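Per-entry structural report
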Amino acid sequence: ATEKPSHFLQNILKRDLDEGQVTSITTRFPPEPNGYLHIGHAKSICLNFGLAEQFGGQCNLRFDDTNPEKESDEFVESIKRDVTWLGFEWAGDIRFTSDYFDTLHEWALELIRAGKAYVCDLSPDQAREYRGTLTEPGRNSPYRDRSVDENLALFEKMRAGEFAEGQCSLRAKIDMAAPNINLRDPVIYRIKKVRHHHTGDKWCIYPSYDFAHGQSDAIEGITHSICTLEFEDHRPLYEWFIANLPVPAEPKQYEFARLNVNYTVTSKRKLRQLVDEGHVDGWNDPRMPTISGMRRRGYTPAALRNFCERIGVTRSDSVVDVGMLEYCVRDDLDKNAPRAMCVLRPLKVTLTNYPEDKIETFVAPGHPNRDDFATRELPFSRTLYIDVEDFREEANKKYKRLVIGKRVRLRNAYVIEAEDCVKDADGNIIEVLARVIENTVGCDPEDGVKPKGVIHWVCGSNHIPCDVRLYDRLFIEANPGSGDTDFLQAINPESLQLLNNCMAEPSLVDAKPESAYQFEREGYFCLDEHYSEQGRAVFNRTISLRDSWAK
Ligand code: ATP
Ligand code: MG
Ligand code: MG
């Protein structure tokens, strides 16, 4: 096998180990617990945990919880579950940036004492105006030259809750004329009178992302702090804090291109909007590009990991075709999903020459080329059901299914020949009359008239009644929200099709949620834990057998 060439981060880690810059690798995956993880996060997870695995290091799971108003334990729990499901193990206990609030506060005091931070009373609007633009330098805040003692006193009052939100903030004193706007005296602490899901009411001031992130990396001994490209401009600030604080280690930041996938959105804000406005049925709706949604739909960890491997890691932004993800899902399920038969739109077939009280049982393989799969038992009786699409009164040669006067093979069972059909008052076909051709299980008819095709079926007297949810892409446009349009306008009105009164073969009584089967000729499906009720199974279509979007 040819080995995949290594990507730039693998090269950096290898170099740092070879040159002795580091003795071991420690990475982290740092989600903010303000939503469910999506396919983009899967890339970051596979990258951070994957690098640690590859180089014999460790990867921490750290919740970057510095915006208490949007964060919750529900999100923390969902994220832990998603990382574990993908097959990764974080090093030691989970960590929270909020675990470091005392240390971060102490380091803020340290900056004040060193004359490198000050309490600024500019309103957020004023501060924005003073900051300047890309082409114009900023101006110093009128509060920039407060004395150390005054700043210490004011910061203590901030901490004690004596000021209102937005009344003042603590800023690092760097350079208001720096070409990089992030270095123009960035805010490092702001007042938020909000209860925190982890620290409760202990704090009413919270560190900014920039002040918290690198220092948390340092506290944990992270060697390589990997983030997405939008943080490239923050790197000088990351380095400034590390250089100006008594941190126990000197982590380095590296950036890579975030994952964008067409026909979907990977922004927590937009995903939250889909949930809050009821466009989908929760964060784990099977149409959502969230890890929990994909899991519920029947996508597998192996498929997602394979996808993340294939898309690679670069520093240039691009959009990956969702067809690639779907390919990875099909590829894995084709190899690993057990086979079964389920009739989605049942049409009754009566076998006129088959005895009323006779029941046979055929045995079918669990998978066509895996003998490690258990076989299935298929009851067979005079009444069967096939799909309405699989019968026509007459048809041309291209139609390789059941036609009056023609033969078809029932998968894993007999060849039958249609004789007639019964219609209701409106002319709809409601029943097919057919006859079994004897001695055709596993062999062709003795008279030499071969069946034209193979169709799936279920036994009329022994099957599982069920509902099926057919999903399609959630958006019909490749780039939802492009130009000036609202991304909601690109929602596919046919992303969900509900089929009631479907019939599945009895072996599906063992179906477990999230674990997909191939329903032969129909696609891959898994039981839905939430929609299923006692006595009524509901199956999600994970994915069709073929890509119907391909041009
Ligand atoms: P969003 O933009 O969806 O709100 P985020 O970056 O704010 O995402 P975090 O919870 O902070 O969400 O993300 C945790 C980690 O996952 C970060 O290191 C972030 O860079 C990474 N990440 C988020 N989205 C993507 C993506 N689309 N591709 C790759 N990595 C991503
Ligand atoms: Mg973030
Ligand atoms: Mg975000």
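Residues numbered from 1 in each chain as written. Chains lettered and ligands numbered in written order. Predicted model: local features only at pLDDT ≥ 70, side-chain atom pairs only at ≥ 80, totals over all residues.

1. What to know about the sheet that holds strand β6 (residues 187-191)
Ordered in space as β4-β5-β6-β7, the four strands form an open sheet in which the pairing is antiparallel. A single partner strand is all that each edge strand has here, and the edge strands are β4 (117-120) and β7 (205-207). Neighbour-to-neighbour, the strand axes of this sheet turn through a mean angle of 20°, independent of strand direction. The sheet contact formed by β6 and β7 spans three bridges and is antiparallel. Residue pairing in the sheet places Tyr189 in a bridge with Pro207 of β7. (Pairing = 2+ DSSP bridges. Helix = DSSP H or I, 4+ residues; strand = E, 2+ residues; numbered from the N terminus. Axes fitted to C-alpha atoms, helices over the stretch in contact; angles between N-to-C directions.)

2. Topic: the UniProt feature "domain: tRNA synthetases class I (E and Q) anti-codon binding" (unreviewed entry) in the chain
As annotated in UniProt, the feature "domain: tRNA synthetases class I (E and Q) anti-codon binding" (unreviewed entry) corresponds to residues 454-528 in the numbering used here. Between the first and last C-alpha atoms of residues 454-528 the distance is 29 Å; the span itself is 0% helix and 39% strand. (UniProt positions renumbered as here; feature names shortened; annotations may be inferred.)

3. Digging into unusual backbone geometry
Positive phi, close to 45°, is recorded for Asp185, a residue that is not glycine. Looking at where Asp185 falls in the secondary structure, it is placed in the loop between β5 (169-172) and β6. A positive phi angle is found at Asn412, which is not glycine, with a value near 65°. By the C-beta count within 10 Å, which is 21 here, Asn412 ends up buried. (Buried ≥ 20, exposed ≤ 12 C-beta atoms within 10 Å, placed from the backbone.)

4. A look at the pairing of strand β1 (residues 26-29)
Of the two faces of β1, the one holding Thr26 and Arg28 and the one holding Thr27 and Phe29 are both buried throughout. In the sheet, β1 pairs with strand β2 (residues 58-63) via four bridges, with the strands oriented parallel. Bridge assignment links Thr27 to a residue of β2, and that residue is Cys59. As a crossover connection, the stretch from β1 through helix α2 (residues 39-54) into β2 is right-handed. (Right-handed = clockwise from strand over helix to strand, strands pointing away.)

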